[in-house]
Structures are given as C-alpha cells and as structure tokens.
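Analysis of the macromolecular model
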Amino acid sequence: MALKVALLGCGVVGSEVVRLVREQSAELAARIGAPVEIGGVAVRRLDRARDTGLDPDLFTTDAIGLVNRPDIDLVVEVIGGIEPARSLILSAIKSGKSVVTANKALLAEDGAAIHAAAREAGVDVYYEASVAGAIPLLRPLRDSLAGDRVNRVLGIVNGTTNYILDRMDSIGSGFAESLDEAQSLGYAEADPTADIEGFDAAAKAAILARLAFHTRVTAADVHREGITEVSAADIASAKDMGCVVKLLAICQRSQGGASVGVRVHPVMLPREHPLATVNGAYNAVFVEAESAGRLMFYGAGAGGEPTASAVLGDLVAVARNKLAGTFVAEGAHDTGLPVHPMGVTTTSYHVALDVADRPGVLARVADVFAENDVSIKNVRQEGSGEDAQLVLVSHRAPDAALAETVRRLHALAEVRSVASVMRVEAFTDENTP
Ligand SMILES: NC(=O)c1ccc[n+]([C@@H]2O[C@H](COP(=O)([O-])OP(=O)(O)OC[C@H]3O[C@@H](n4cnc5c(N)ncnc54)[C@H](O)[C@@H]3O)[C@@H](O)[C@H]2O)c1
Ligand SMILES: N[C@@H](CCO)C(=O)O
Ligand code: NA
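Let me sum up the structure you'll find in this document. Here the structure is a predicted model, which means the values were calculated and not measured. (Residues numbered from 1 in each chain as written. Chains lettered and ligands numbered in written order. Predicted model: local features only at pLDDT ≥ 70, side-chain atom pairs only at ≥ 80, totals over all residues. Heavy atoms only, no water.)

Residues Y282, M296 and Y298 make up a contiguous nonpolar surface patch of roughly 310 Å² in combined accessible area. Along the polypeptide, Y298 turns up in strand β12 (residues 293–300). Residue classification places Y298 among the partly exposed positions, given a relative accessible area of 46%. (Patch = residues over 30% accessible without salt bridge, like charges linked within 9 Å, V, L, I, M, F, W, Y side chains within 5 Å. Areas by Shrake-Rupley, 256 points an atom, 1.4 Å probe, with all protein chains shown as cover. Salt bridge = Lys/Arg side-chain N within 4 Å of Asp/Glu carboxyl O. Helix = DSSP H or I, 4+ residues; strand = E, 2+ residues; numbered from the N terminus. Buried < 20%, exposed > 50% of the residue type's maximum accessible area, 1.4 Å probe, protein only.)

Once that is clear, we can look at the site of ligand 2. Taken together, the residues surrounding ligand 2 are K104, N158, G159, T160, Y187, A188, E189, D195, D200, K204, G301 and A302. Here a nitrogen atom of ligand 2 and a side-chain polar atom of E189 are 2.7 Å apart. Counting only elements with at least two residues in the shell around ligand 2, the list comes to α7 (159–170) and α10 (199–213). Among the residues making up the shell around ligand 2, the classes are represented as three nonpolar, four polar and five charged. (Near = heavy atom within 4 Å. Polar contact = N/O pair within 3.5 Å; in protein donor to acceptor, adjacent residues only side chain to side chain. Nonpolar A, V, L, I, M, F, W, Y, C, P; charged D, E, K, R; others polar.)

In the vicinity of ligand 1 lie 21 residues, with V12, V13, K104, E189 and G303 positioned nearest. At a separation of 2.9 Å, an oxygen atom of ligand 1 approaches a polar backbone atom of V12. Here ligand 1, which alone exposes 830 Å², has 84% of that area covered by the protein. Residue classes in the shell around ligand 1 are distributed as eleven nonpolar, seven polar and three charged.

Within the protein, E128 (O), E128 (OE), V131 (O), G133 (O) and I135 (O) serve as the donor atoms for the sodium ion (ligand 3), at 2.4 to 2.7 Å. Donor residues for the sodium ion (ligand 3), ordered by position in the chain, follow E-x2-V-x1-G-x1-I. Assigned by exposure class, E128 and I135 land together as buried. (Donors = N, O, S within 2.8 Å, 3.2 Å for Na, K, Ca; no water.)

A few words now on the side chain of T215. Topologically, T215 is positioned in the loop between α10 and β8 (223–224). Residue T215 is classed as buried on the basis of its relative accessible area, which comes to 3%. Of note is the side chain of T215, whose polar atom sits 2.8 Å from the backbone oxygen of L337.

Ordered by their spatial adjacency, six strands build an open sheet running β3-β2-β1-β4-β5-β6, and the pairing between neighbours is parallel. Edge positions in the sheet fall to β3 (59–60) and β6 (125–126), since each has one partner strand and no second. The pairing of strand β1 (residues 3–8) with strand β2 (residues 36–42) spans six bridges and is parallel. Paired with V5 across the strands is I38, a residue of β2. Here helix α4 (residues 85–94) sits on the sheet in contact with β1, β4 (74–77), β5 (98–101) and β6, set at roughly 150 degrees to β5. Sitting on the sheet, helix α12 (residues 304–324) touches β1, β4, β5 and β6, and the angle it makes with β4 is about 160 degrees. (Pairing = 2+ DSSP bridges. Contact = heavy atoms within 4.5 Å. Axes fitted to C-alpha atoms, helices over the stretch in contact; angles between N-to-C directions.)

The biggest cluster of nonpolar side chains holds 70 residues, and the ones touching the most others in it are I93, L137, L208 and V287. With residues near it in sequence (within four places) discarded, L137 still touches E128, V131, A132, L208, V285, V287 and F297. Listed in part, the 33 residues of the second largest apolar core include V13, L74, V76 and L312. (Core = buried A, V, L, I, M, F, W, Y, C linked by side-chain atoms within 4.5 Å.)

The next subject is the pairing of strand β9 (residues 243–253). By the criterion of burial, β9 is predominantly enclosed, with eleven of the eleven residues buried. Neither face of β9 is exposed, since C243, V245, L247, A249, C251 and R253 on one face and V244, K246, L248, I250 and Q252 on the opposite face are all buried. Judged from the four bridges that link them, strand β7 (residues 150–156) and β9 form a sheet pairing that is antiparallel. Counted as the bridge partner of V153 is C251 from β9. When β9 meets strand β10 (residues 260–270), the two strands line up antiparallel, connected through eleven bridges. Bridging across to β10, A249 finds its partner in V264.

Pasting the structure below:
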C-alpha cells in the first residue's frame, strides 16, 4: 500500500517537492520499501495556474481537513511562518502522523513544544531543509556527532544576504538591486526583511545551538544584527584590509563551558579565510568538536530544488521509520546550559575614523581604547591634512567594552565621523568569551 503524503504549501519549495516525488517515484519506492504518493496539496488559493502535473482535485484550501484525513500517513509543511503552520504540525503529530518541515522560524520559536508533542505521540519531526537548505547539517549534528562534544558552530547560513554582500563586493551592485535578484531567484523569504535583518539566520543559529549544545535556545536568545547597515564604505574599508564582509552565525561554548553564546552579525573576514570564498547563495558551516576536530559543510543554502532535496531525504527517513514502527525521540535530554549576553562575548573590532591629521589626535583616540581596557592590535592612517582616516583593529575584548569605545569615539571632538565599525573574525581558536 502506498504511503500518502499531505503537502502543505506549494510555493518555491513545495512545487519542487511535487516534481521530485513524481519524477523519482520508482527510486523512492525502492528506497523506502513502499510507494509514496501525494495524497493532497493545501494551497492558499485554488485559482492560481499550477503546472505540477497533479490532478487538480488534489488541491484544497482546507489544510487542517487534509492533515486530519484518515488516509494521510505523512505531512510535509512548506508554508513557512508561525501560524497556521504550528497548528497544522501539532494536529498532524496528535493524529500520529510524522512531519517533515523546512520551517526554521517555527522551530526556533517553538521547537521544544513541537518535539515534546512528537515524543509523546511517538512520531518523527524532521527538518533538515530548515537550516542551510540542501546541506546535510542537522542530521550530522544530531546523529553523527551524538558521541562528541561540539564546542563551536560558525558559518554562513543565509543565502539571500550572502548573495547581496557578494554582489556588492564583486561587481559593486547596489543593495536594493541585489535583493531584487535574490528574490527572483527564489532565495528570499516571503518577507525579505527576515533575511536582511538577520531574523532568518538567527532562527537557524538557535536551531544549530540547540542541536550542538543540547540546550534550549530560541530565536529571542540570539544576538542579531542584519546587513541593512552595511554600507559601501564598510565594503571598501574591508577591501583595503584584504577582507570581505559576510553575515555569520556563531554558536559557541564559553571557555569554562558553563554557558553558550549565540549571535548573528556582519563580520570582516580575511580573504584567505575559507568562508570568504563562499559566494552567491551558497552556505558553509564549520562545526568544531572535541574529538572530530574541525568539519566543514558546504553547498546550496537556498533555492527551490536544492531545498526540496533535503525535504525528500527527510521524507524517505520518516517513511522508513514509520514502516519499521519506530521514531527518533528528539530533545528529551536538556543540559540546561544558559545563553550568555552579547556584552560578555569577546570580539575584535575594526574602526575607521574620519579625523584631521594633527598632533595629539591619535593619542586621544588611543586613550579612549585604553580607558575601556581595549588593546589596539594595529593602526594605520590613510590620507593627510583635514581628510585623514585612522583605521584601527582591536585585540579581542568583551563586546560591551568595544561598543562603549565606539560610543565614546563618536563623541570625541577630534573625530569628524565614524566611517565604519565592524567586528573582525580571524580563523583562530582563541575567540572564546
Ligand atoms: N526558498 C528557499 O530557498 C528555502 C530554503 C530553505 C527553507 N525554506 C523554507 O521553506 C518554507 C517555504 O518557503 P518557500 O520559499 O517555498 O515560500 P513560498 O512563499 O514560495 O511558498 C509558501 C506557499 O505557502 C502558501 N500558503 C500560505 N499560507 C497557506 C495556507 N494557510 N495554506 C496553504 N498554503 C499556504 C503560499 O501561498 C505559498 O505558495 C519556509 O518555511 C521557508 O523558510 C525556503
Ligand atoms: N531565505 C533563506 C532560504 C533558505 O533557508 C536564505 O536566503 O537562506
Ligand atoms: Na540542511
């Protein structure tokens, strides 16, 4: 007997899921041990032309009715957002149906409740597509590294912002034009502010931190800065230093291991850093574990077809588990490790200041760093006369001390303007708070 799948949402990802399930039906049946077929597709509007090749009678606007249909075995949710996705997923779980979802926003907000409901009902919730699209990353963290101690997860997890920053750096494109392109290529979220303000990356960071450190982390716990403030001056300043600007998600244990830090913000990376060469909508994530050492995961982080590949991989896994009468109980073990605030995380800053080239200016600037206990790693001057620029890079210091240094520099009479401020990330192991 065929396993019947309810597909919730038929947009960029959903339409590719339909195509791949149809095109690969024989291989999927062989790998699962039973055929799978689409039993129904919930959409928002029926009047849109769809060239999925599916019988039009399979489409419905009654998503909850579809989820609760007794002949449905498995549910794939690719609507996105919190509601109605949460209620639909919880209904599926309560009626004993395993779920595959690509919804990082929901899992980052309410993952603990969803996993608890799934454990109670004895069903699977798989979500590989939710972080770093096609890249197998969550199941390696959950399963392959289950015997190791992960200390840090760091990487590029948002394709849209990486695409925009790459276009700004490589061909000098404008921000708005690059965002339009990312949207038309199917990388962006339905509301692209989720991408450019860092909400999407923060949700992914929360999911990664939960899996890496076995502790509850929600999107609200993540320090988040997007790329809307990244200016052409920042990109130019990075270029002058031999760096590129990337939006990174960084999840890290504190030095004593008593807490974890989870953050998303733009950084300047040396061009020789492995993450500096990750272009377009590609994602790349480093996982650093005690025994495994440093692992790198790289591939397509967004786009309908690559993301659908991850959905199908999960579909095969949950279908096999269902046939075997088993499921993976996730989230039962909680270490209770707290998330520490951004201020105590040690970071390093790059600061470019527009100043006049006069005696004493550098000394006043250096004083501000010293008064905040921040050590300067290097300083150089560009230009001269009234149009000079001082470019300073700090050693690592608590982020709060660096932020206070910048606030004081803004107020300094000798500083005409602060042209660029950005954190710098080198490829080192010395950056634990
Ligand atoms: N596009 C990507 O590259 C990508 C990658 C990884 C994960 N995701 C995730 O996959 C999910 C879907 O993303 P997408 O890019 O396909 O978005 P999309 O906006 O293209 O598709 C979502 C579809 O759901 C439909 N929908 C909305 N409300 C509905 C309802 N109540 N009932 C039925 N259908 C409804 C919309 O009309 C739309 O067609 C999101 O959670 C997203 O974060 C997307
Ligand atoms: N909007 C997301 C889709 C993949 O999760 C991105 O740009 O990475
Ligand atoms: Na993935």
